[in-house]
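A structural walkthrough
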Amino acid sequence: MPTDTTHGPRCRRRLLARVLVPLLAALTLLVLPGPGPGGSTADAASVCQGRPTKTYHFATGELRLYRTRHYACAVTVAKRPGAARPMTVSLQPRGGRPAVKAGRFGRQTGPVTVHALNRCVRAYGSVSGQGRSTGWILC
C-alpha cells in the first residue's frame, strides 16, 4: 500500500505553526491590559486626521483644531472626563453650512470634519454650557 509523504509530521507542524502563531498573538493582544486610567501620561490619540493647528482652552475643556491640505477637523475635549454632560462641537467653512455634533458625552465630542481647501473656518466648542468660539481662522 503506497504511503502519502506530502502530509507527514513535518508538514503538519508547519501548518499548525502558520495557524496557531497568529491566533496566539491576537489573543495575547486582547488579554494583556493596555494603558488604562492613569496608566499613561500622554494625551489620548487624536481622532482627527492632519496636524494639530490650534487649541482653545476654556473653563471646562478645550477645543482642538486639526488641518490637512483639504480638510479641517475639530474636537471638544472635557477638562475632567467623567459623567456624561452636554457637549457641543461645531465647524463651519466660509460659505458653507456648519457641521455640528452635540449631545451628552463623558470625555469628548466629535470629530466634525469639513472640506476647507483654500477656505477659512470658524469653530465652536462647549462643555457643560461653557465654551469658546473662534472667528474666521486657518485662512
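Summarised in this report is the structure supplied together with it. (Residues numbered from 1 in each chain as written. Predicted model: local features only at pLDDT ≥ 70, side-chain atom pairs only at ≥ 80, totals over all residues. Heavy atoms only, no water.)

Looking at the overall build of the chain
Counted only if it meets this: Each helix is a run of H or I in the DSSP string that is no shorter than four residues. Each strand is a run of E no shorter than two, and both are numbered from the N terminus. With a 1.4 Å probe rolled over the protein chains alone, any residue whose accessible area is under 20% of its type maximum counts as buried; one over 50% counts as exposed, and the rest are partly exposed. By the convention used here, residues are in contact when the closest approach between their heavy atoms is within 4.5 Å. Reported accessibility uses the Shrake-Rupley method at a 1.4 Å probe radius. Residues are deemed covered only where the shown protein chains occlude them.
Secondary structure assignment for the chain yields one helix and eight strands. Relative to its full complement of 139 residues, the chain shows a buried share of 29%. Expressed as a percentage of contacts within the chain between residues at least 6 apart in sequence, the contacts between residues at least 24 apart total 45%. Roughly 9,600 Å² of accessible area belongs to the chain as shown, and the carbon and sulfur atoms make up 57% of that amount.

Observations concerning the pattern of salt bridges
Inclusion rule: Should a side-chain nitrogen of Lys or Arg be within 4 Å of a carboxyl oxygen of Asp or Glu, the pair is scored as a salt bridge.
By the definition in use, this model includes one salt bridge. Of the charged contacts, one joins Glu62 and Arg64 as a salt bridge, the two residues approaching to 2.5 Å between their closest N and O atoms. Across the pair, Arg64 and Glu62 agree in class, each one buried.

Looking at the sheet that holds strand β2 (residues 61–67)
One key point about sheets: their strands pair by backbone hydrogen bonds, in either a parallel or an antiparallel sense. Threshold: Pairing between strands is defined by DSSP: at least two bridges between them are needed. Axis geometry follows a simple rule: fit a line to the C-alpha atoms, using only the stretch in contact for helices, then measure angles between N-to-C directions, giving values from 0 to 180 degrees.
Read from one edge of the open sheet, four strands run β1-β2-β3-β6, paired in antiparallel fashion. Each edge of the open sheet is held by one strand with a lone partner, namely β1 (51–58) and β6 (108–115). Pairs of neighbouring strands in the sheet enclose a mean axial angle of 15°, with direction left out of account. Where strand β3 (residues 71–78) lies against β6, six bridges are found, and the strand directions are antiparallel. In the sheet register, Ala74 faces β6, and the bridge partner there is Val112.

A look at the side chain of Thr76
The criterion, for reference: The definition of a polar contact used here is a pair of N or O atoms within 3.5 Å, where within protein one atom must be able to donate a hydrogen and the other to accept one, and adjacent residues in sequence count solely through side-chain atom pairs.
Counting through the fold element by element, Thr76 comes out in strand β3. Exposure remark for Thr76: the relative accessible area of 0% places this residue in the buried category. A distance of 3.0 Å separates a polar side-chain atom of Thr76 from the backbone oxygen of Thr88. Beyond its immediate sequence surroundings of up to four residues, Thr76 is in contact with Phe58, Glu62, Leu63, Met87, Thr88, Val89, Arg107, Gln108, Thr109, Gly125, Ser126 and Val127.

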